[in-house]
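Report on the structure
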Amino acid sequence: MAVKIILAQLRALQSSVENLKKITETVQKAAAGGAQMVVFPEYMMSYPEEKGGKSEQQPLFGAFATALCALAQTHGVWLVCGMTERSGKPYGLPYNTILIISGAGNVAAVHRKTHLYDAFHWQESRDYCAGSTPFSPVQTPWGRMGLACCYELRFPEVLTRQACDFFVVPAGWTRGEHKALHWRTLLAARAIENGVPVLGCTQTSPKVFTGGSAAFAPTGECLGALGEAEGTLELLLDLSRNDPTTRRNRRPELYGTFHKPL
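A brief look at the structure comes next.

Thresholds applied
Residues numbered from 1 in each chain as written. Predicted model: local features only at pLDDT ≥ 70, side-chain atom pairs only at ≥ 80, totals over all residues. Heavy atoms only, no water. Helix = DSSP H or I, 4+ residues; strand = E, 2+ residues; numbered from the N terminus. Buried < 20%, exposed > 50% of the residue type's maximum accessible area, 1.4 Å probe, protein only. Core = buried A, V, L, I, M, F, W, Y, C linked by side-chain atoms within 4.5 Å. Contact = heavy atoms within 4.5 Å. Phe/Tyr/Trp six-rings, centres within 6.5 Å; stacked < 30°, edge-to-face > 60°.

Relative to the assigned elements, Glu18 resides in helix 1 (residues 16-32). The exposure class assigned to Glu18 is partly exposed, which follows from its relative accessible area of 34%.

This next bit is on the nonpolar core. In terms of nonpolar packing, the biggest core is built from 44 residues, with Ile5, Met37, Val80 and Ile100 touching the most fellow members. Not counting chain neighbours up to four residues away, the residues in contact with Met37 comprise Lys4, Ile5, Ile6, Trp78, Val80, Thr140, Trp142, Met145 and Phe166. Core analysis: the second largest hydrophobic core is formed by 31 residues, Val38, Ala65, Cys81 and Leu99 among them.

Here we take up the packing of aromatic side chains. Counting across every chain of the model gives ten aromatic pairs. Pairing Tyr117 with Trp122 gives two aromatic rings, centres 6.3 Å apart and planes at 35 degrees, and the pair type is tilted. A relative accessible area of 8% means that Tyr117 is categorised as buried. A relative accessible area of 35% places Trp122 in the partly exposed class. Where Tyr117 meets Tyr151, the ring centres are 5.2 Å apart and the plane angle is 65 degrees; that geometry is what we call edge-to-face. Taken together, the residues Tyr117 in the loop between strand 5 (107-112) and strand 6 (138-140) and Tyr151 in the loop between strand 7 (143-147) and helix 3 (156-160) connect sequence positions 34 residues apart. Each member of the pair Tyr117 and Tyr151 is classed as buried. Three or more aromatic residues link up through ring pairs in this structure, and these residues are Tyr117, Phe120, Trp122, Tyr151 and Phe155.

Below you can see the structure in the form of structure tokens.
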């Protein structure tokens, strides 16, 4: 079954109110064009505009999430969007959370990022606490949707265990040497090894995030990509092209851990 999905590559500001304006305008245009799902990056509710700043935090079902649910219901589109969720954990660290909202305006799933980005001179764990529950695929009208949040893309087992029909990857892929190459290569690899489309939607900003949102078919073919500027990428996914061969041939009983992590 085919589905029209929009990847919205935006730059999040510190104000959730301003970001919600951006999101609303994007969803209105997407819905008018017949989109059935709109995917936004992680951190989309709030991201510091200055080094050392803090993201705005809200409870899971606070004003931001409530507004997203109303927006989805009004336009009848599914939404995937990142937020900074107040956790109540020690030291006040929030969760880096992804919301999946159905076209009826219901929260279909909540994913708290499990693999924090403590790599490449970054330490996400200073500002966020890690979730502890793997994502379970969500049944949409077009098939089972899987999800990985940004850095989780680097861990193949996070995706292979989900056994879904397509993946979305909300991200804030940071700039750095070879990072744009890593992003596209990992998206393509996850598509090939799972035999399903993988759609990566990342933030863009001049000094922090790469942009370059892109989607890949099960063959590894690029279905479309954006540059560094804000913009949207329209995709018409034909899920009948999925190839379950590799999934069928997996032998998970052989893939245990044979050594201790370094």
